[in-house]
Amino acid sequence: MGMSAGAGGMGRGGRGHRRRGRHHALISEINVTPMVDVMLVLLIIFMVAAPLLTVGVPIDLPDTQAKAMNVDTQPITVSINAAGQIYLQETEIPIDELVAKLQAISKTGYDERIFIRGDKLTDYGTAMKVMARISAAGYKNIGLVSLQEQDQ
């Protein structure tokens, strides 16, 4: 009446073998610490990068005592540098194509806000030509951009 080694769980690798000591249960919790770390790093990156995403035409704006405007949406920006070159957003365009390009990119039609940025050294006549063309095309919401004066 002998028994075989594979029968009834008596052997070391058999079905009835139980581990003695700790039971290792699966952990069903999600560790959110790495996700929070990644989100904080992304937040810092966007906070640093956001001010650098302004219109990229280098212009030395004049200083004024006017208060800053509350802006909800991004306006169309026309820039004039010291050499008299005209830029729509960041693309240089000839003055003859300005109105056609404005009509192509304006989302709200003639109610679109258009900001004109002119360098301190820009010829006054060039700035007035640009404003006159935009106004003659039917756009009425035109503004001039300047920097706030710094108390020294």
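Now for a quick tour of the structure. This structure is a prediction, so every number in the text was calculated from the model and none was measured.

## Some points on helix H3 (residues 124–136)
An ideal rise of 1.5 Å per residue puts 18 Å on 13 residues; H3 measures up with 18 Å between its terminal C-alpha atoms. For H3, the full list of buried residues reads Thr126, Ala127, Val130 and Ile134. Taken around the axis of H3, the buried residues stretch over an arc of 100°, which confines them to a single face. Seen from the open side of H3, the exposed residues pointing more than 90 degrees away from its buried face are Tyr124, Lys129 and Ala136.

## Some details on the sheet that holds strand S4 (residues 91–93)
Strand pairing in a sheet is mediated by backbone hydrogen bonds. Such pairs are either parallel or antiparallel. A sheet is described by the order of its strands in space; here five strands give the open sequence S4-S3-S2-S5-S6, paired in mixed fashion. Looking at the sheet topology across the chains shown, the edges are occupied by S4 and strand S6 (142–145). Within this sheet the neighbouring strands show an average axis-to-axis angle of 30°, counted without direction. Contacts from H3 reach strand S2 (76–80), strand S3 (86–88), strand S5 (114–118) and S6, with the element oriented near 150° to S2.

## Remarks on the side chain of threonine 122
Locating threonine 122 in the fold gives a position in the loop between S5 and H3. A residue is classified by how much of its surface remains accessible, and threonine 122, at 14% relative accessible area, is buried. A distance of 3.3 Å separates the side chain of threonine 122 from the backbone oxygen of asparagine 81, its partner in a polar contact. Those residues in contact with threonine 122, other than ones at most four positions away along the chain, are Ile80, Asn81 and Ala82.

What counts and what doesn't
- Residues numbered from 1 in each chain as written.
- Predicted model: local features only at pLDDT ≥ 70, side-chain atom pairs only at ≥ 80, totals over all residues.
- Heavy atoms only, no water.
- Helix = DSSP H or I, 4+ residues; strand = E, 2+ residues; numbered from the N terminus.
- Expected span 1.5 Å × (residues − 1).
- Buried < 20%, exposed > 50% of the residue type's maximum accessible area, 1.4 Å probe, protein only.
- Arc of directions from axis to C-beta.
- Pairing = 2+ DSSP bridges.
- Axes fitted to C-alpha atoms, helices over the stretch in contact; angles between N-to-C directions.
- Contact = heavy atoms within 4.5 Å.
- Polar contact = N/O pair within 3.5 Å; in protein donor to acceptor, adjacent residues only side chain to side chain.

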